[in-house]
Amino acid sequence: STGLAFFLASFQVHEKSILMPLAPISLLLWQDYRFVNWFSVVSTWTLWPLLTVDRLEVAYACTILIFLSLLWICSECHHVSSRGFFNNWILSAVIPVSLSAMIGLHILEAILTPPPSLRDIFPVLWSIVGCGAFGIAWVATCF
């Protein structure tokens, strides 16, 4: 939670800096499988604005689909149950809501063209949703 707090409270943080708290959170995989996987997907999703600048949209889509497929296969084969942070029903609702928001933003960005006065609206929305998800993750790891 310290690395995540540093990421959230930093001034002028770079998108790739989320990889620093992701490394120690990954060690919690056996304690809370769903939380670590959700956090990994959110961390990758928040890199989207950076990846679009470098024209890595196809690589992003391929790696996220491969990662989600592996998560599904691993959870089906091992019958993994979550017994950590997200056992609370309120926190369990965060996962589908945040995943819906992430997919919804991808769809909105694909079908809508932002007006010239708000050309950075989608990166700002990415930052807001990502910050909210990371804030919830920070609270979940603290308590």
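First, a word on what this report is: a plain description of the structure on this page. (Residues numbered from 1 in each chain as written. Predicted model: local features only at pLDDT ≥ 70, side-chain atom pairs only at ≥ 80, totals over all residues. Heavy atoms only, no water.)

**A word on the nonpolar core**
Basically, it comes down to this: Among buried residues, those of type Ala, Val, Leu, Ile, Met, Phe, Trp, Tyr and Cys that are joined through side-chain atoms within 4.5 Å constitute a nonpolar core. Each residue gets one of three labels from its accessible area relative to the maximum for its type: buried under 20%, exposed over 50%, partly exposed in between, using a 1.4 Å probe on protein chains only. Strands are runs of DSSP state E lasting at least two residues, helices are runs of H or I lasting at least four, and both sets are numbered from the N terminus onward. Working rule for contacts: check all heavy atoms of both residues, and any pair within 4.5 Å makes them a contact.
By size, the foremost hydrophobic cluster in this structure holds 27 residues, and its most contacted members are Leu-4, Phe-35, Trp-38 and Phe-39. Those elements giving two or more residues to this core turn out to be helix 2 (19-26), helix 3 (33-45), helix 4 (48-53), helix 5 (57-78), helix 6 (89-111) and helix 7 (121-142). Broken down by element, this core gets its largest block of residues, eight residues, from helix 3. In contact with Phe-39, other than residues within four places in its own chain, are Leu-4, Ile-18, Leu-22, Ile-25, Phe-134 and Ala-137.

**Notes on unusual backbone geometry**
The phi angle at Arg-55 is positive, at roughly 60°, despite the residue not being glycine. Residue position: Arg-55 is located in the loop between helix 4 and helix 5. Exposure remark for Arg-55: the relative accessible area of 72% places this residue in the exposed category.

**Topic: the side chain of Ser-40**
As for its placement among the helices and strands, Ser-40 is situated in helix 3. Filtering out sequence-adjacent residues up to four positions away, Ser-40 remains in contact with Leu-22 and Phe-67.

**What about the packing of aromatic side chains?**
Put simply, the rule is: Under the pairing criterion, centres of Phe, Tyr and Trp rings, with the six-membered ring standing for Trp, must be within 6.5 Å; the plane angle then separates stacked pairs below 30 degrees from edge-to-face pairs above 60, leaving the rest tilted.
If you walk through the whole model with that rule in mind, you get six aromatic pairs. Ring centres of Phe-35 and Trp-38 lie 6.1 Å apart, and the angle between their planes is 40°; on these two criteria the pair is classed as tilted. Remark: Trp-38 and Phe-35 occur in helix 3; sequence separation between them is three residues, near one turn of the helix. The pair formed by Phe-35 and Trp-38 is uniform in burial state, with each residue classed as buried. Centroid distance Trp-48 to Trp-126: 6.5 Å. Interplanar angle 25°. Geometry classified as stacked. Remark: Trp-126 occurs in helix 7 and Trp-48 occurs in helix 4; sequence separation between them is 78 residues. Considered together, Trp-48 and Trp-126 belong to a single accessibility category, that of buried residues. Pairwise contacts between aromatic rings join Phe-35, Trp-38, Phe-39 and Phe-134 into one cluster.

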